[in-house]
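Remarks on the overall topology
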Amino acid sequence: MTLHIDIPDENLAGILVKAFKNRSFLAGFVITALVAAVAILSFFWTPYDVTNLVISDKTQAPSLAHWFGTDHFGRDILSMIMVGARNSIAVALVAVGIGMGVGVPLGAFAAARGGFADDVLMRLNDLVFAFPALLSAIMITAIFGPGAFNAIIAIGIFNIPVFARVARAGALAIWPREFILAARAAGKSRTLISIEHVLPNIATLLLVQGTIQFALGILAEAGLSYVGLGTQPPMPSWGRMLFDAQTRMVVAPWMAIFPGMAIVVTVLGLNLLGDGIADILDPKSRRQR
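Residues numbered from 1 in each chain as written. Predicted model: local features only at pLDDT ≥ 70, side-chain atom pairs only at ≥ 80, totals over all residues. Heavy atoms only, no water.

A word on the packing of helix 7 (residues 178-185) against helix 8 (residues 190-201). In a packed pair of helices, the relevant descriptors are the angle between the two axes and the axis-to-axis distance. Running from amino to carboxyl end, helix 7 crosses helix 8 at an angle of 160 degrees, the nearest separation of the two axes being 10 Å. One finds that helix 7 runs roughly antiparallel with respect to helix 8. In terms of crossing hand, the pair formed by helix 7 and helix 8 is right-handed. Residue-level inspection shows Phe-179, Ile-180, Ala-183 and Arg-184 of helix 7 in contact with helix 8, the latter providing Arg-190, Ile-193, His-197, Val-198 and Asn-201. Of the residues belonging to the contact of helix 7 with helix 8, the class tally is five nonpolar, two polar and two charged. (Axes fitted to C-alpha atoms, helices over the stretch in contact; angles between N-to-C directions. Helix = DSSP H or I, 4+ residues; strand = E, 2+ residues; numbered from the N terminus. Parallel < 35°, antiparallel > 145°, perpendicular 65-115°, else oblique. Left-handed = near helix turned anticlockwise from the far one by under 90°. Contact = heavy atoms within 4.5 Å. Nonpolar A, V, L, I, M, F, W, Y, C, P; charged D, E, K, R; others polar.)

This part is about the pattern of salt bridges. Taken as a whole, this structure holds six salt bridges when the rule is applied. Among the salt bridges present, the one from Arg-168 reaches Asp-118, with a minimum N-O distance of 2.7 Å. With a gap of 50 residues between them, Arg-168 in helix 6 (residues 148-174) and Asp-118 in helix 4 (residues 115-129) connect regions that are remote in the sequence. Given a relative accessible area of 8%, Asp-118 falls into the buried group. (Salt bridge = Lys/Arg side-chain N within 4 Å of Asp/Glu carboxyl O. Buried < 20%, exposed > 50% of the residue type's maximum accessible area, 1.4 Å probe, protein only.)

Okay, helix 9 (residues 203-226) next. Taking 1.5 Å of rise per residue, 24 residues should cover 34 Å, and helix 9 covers 34 Å from first to last C-alpha, within 8% of that figure. Count one or two residues on from helix 9 and you reach Gly-228, which has phi positive near 85 degrees. (Expected span 1.5 Å × (residues − 1).)

Take the environment of Thr-231 next. Its place among the elements puts Thr-231 in the loop between helix 9 and helix 10 (238-245). Here Thr-231 falls in the buried class, since its relative accessible area comes to 6%. Residues Thr-231 and Gly-147, spaced 84 residues apart in sequence, show a C-alpha to C-alpha distance of 5.2 Å. A distance of 3.1 Å separates a polar atom in the side chain of Thr-231 from a polar atom in the side chain of Glu-221. (Polar contact = N/O pair within 3.5 Å; in protein donor to acceptor, adjacent residues only side chain to side chain.)

If you look at the biggest cluster of nonpolar residues, it comprises 43 residues, and the most contacted ones within it are Trp-175, Ile-218 and Trp-238. Elements with a minimum of two residues in this core: helix 2 (23-41), helix 3 (77-113), helix 6, helix 7, helix 8, helix 9, helix 10 and helix 11 (254-281). With 11 residues, the top contributor of residues to this core is helix 3. Sequence-distant contacts of Ile-218, that is, excluding residues within four places in its chain, are made with Ser-88, Ile-89, Ala-92, Trp-238, Thr-266, Val-267 and Leu-270. (Core = buried A, V, L, I, M, F, W, Y, C linked by side-chain atoms within 4.5 Å.)

Turning to the packing of aromatic side chains, a few remarks are in order. Taken as a whole, this structure holds three aromatic pairs when the rule is applied. Arranged with centres 5.9 Å apart and planes meeting at 15 degrees, the rings of Phe-25 and Phe-29 form a pair that is stacked. One end of the pair is Phe-25 and the other is Phe-29, both in helix 2 and four residues apart, which spans about a single turn. In this structure Phe-25 comes out as buried when scored by relative accessible area, which is 12%. Take Phe-29: its relative accessible area is 39%, and that puts it in the partly exposed class. Considering the side-chain rings of Tyr-226 and Phe-243, the 5.7 Å spacing of their centres and the 85 degrees angle between planes classify their relative orientation as edge-to-face. One end of the pair, Tyr-226, is in helix 9; the other, Phe-243, is in helix 10, with 17 residues separating them in the sequence. Above the plane of the ring of Phe-43 lies Arg-86, whose end atom (NZ or CZ) is 4.7 Å from the centre. Positioned above the aromatic ring of Trp-175, the side-chain terminus of Arg-190 is 5.4 Å from the ring centre. (Phe/Tyr/Trp six-rings, centres within 6.5 Å; stacked < 30°, edge-to-face > 60°. Lys NZ or Arg CZ within 6 Å of the ring centre and 35° of its normal.)

By the burial criterion, the buried members of helix 7 are Phe-179, Ile-180 and Ala-183. Take helix 7 and look down its axis: the buried residues cluster within an arc of 105 degrees, on one side only. Exposed residues lying more than 90 degrees from the buried face of helix 7 are Glu-178 and Ala-185. On its buried face, helix 7 is in contact with helix 6 and helix 8. Of the residues one or two after helix 7, Gly-187 is the one with positive phi, at around 95 degrees. (Arc of directions from axis to C-beta.)

Moving on: the confidence of the model for the chain. Summing up the model confidence of the chain, the mean pLDDT is 85 and the portion of residues at 70 or higher is 92%. Per-element confidence in the chain is highest for helix 2, whose mean pLDDT is 92, and lowest for helix 12 (residues 283-288), whose mean pLDDT is 48. Note that residues 1-9 has pLDDT below 50 and, in this model, 24 contacts with residues that lie over four places away or in other chains. Long-range and interchain partners of residues 285-289, a stretch whose pLDDT sits below 50, account for six contacts in this model, where long-range means more than four residues apart. (pLDDT = per-residue confidence, 0-100.)

The subject of this paragraph is the environment of Ile-195. For Ile-195, the location among the structural elements is in helix 8. With 83 residues separating them in the primary sequence, Ile-195 and Ala-278 have C-alpha atoms 22 Å apart.

So this is what it looks like as structure tokens:
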């Protein structure tokens, strides 16, 4: 049986050509790729050691020696932003993976079964969704203590109902289709139909939602680190850098400007990337807007 997928009927080369003609996708791809490259580079090289405190160099303005200046401990802000990028990306990526890995099967199962199972899963979904990532992090921290791992768990738990809702809504739109009815008539189980036919048809929807949640994960990690529940010192975090800068805005504004710009640019790039993917793989979205 031929698998039906709601993406443009063209080969991979055609999709790539369309992708790099889409300004939103191209801008988002370039920004996201640059941020990812900086994060990867930080594993091998940074201008200065981020754990090295040089009090004599504290709150130095941007210069040739320190392009983004130094903080109140004399640490190089550019180096801290580079290392903070990999921490933020790692936390957001794993958290989105948790949300997608648990939420998508739950949403697909609810759509496939319907009835009582659907109602129970969605009510539990609403219960989890009622607790934002910050509140979940506070509860987890009260039990296990602050840290990046607990931030990942909190953001991941928050992502589960989001992906469950998206997967269920997309799957419910697919189940009445003719090729699904044909698969059921051929004797395929609901689980097999979900895996072979439903999930591939909602992959685009999930991919776009994944980019959105990735951007929100970056913001959530920064927010948790800002209040002391995320990445802990001495490892740099964009949110923690903003917290340290809040009382030094007059004497050292660069301590807040550059980490803030890093967050804004990264989130903007991911949102542009998601918008571009939606336009490329789902041409209906552009006409609807």
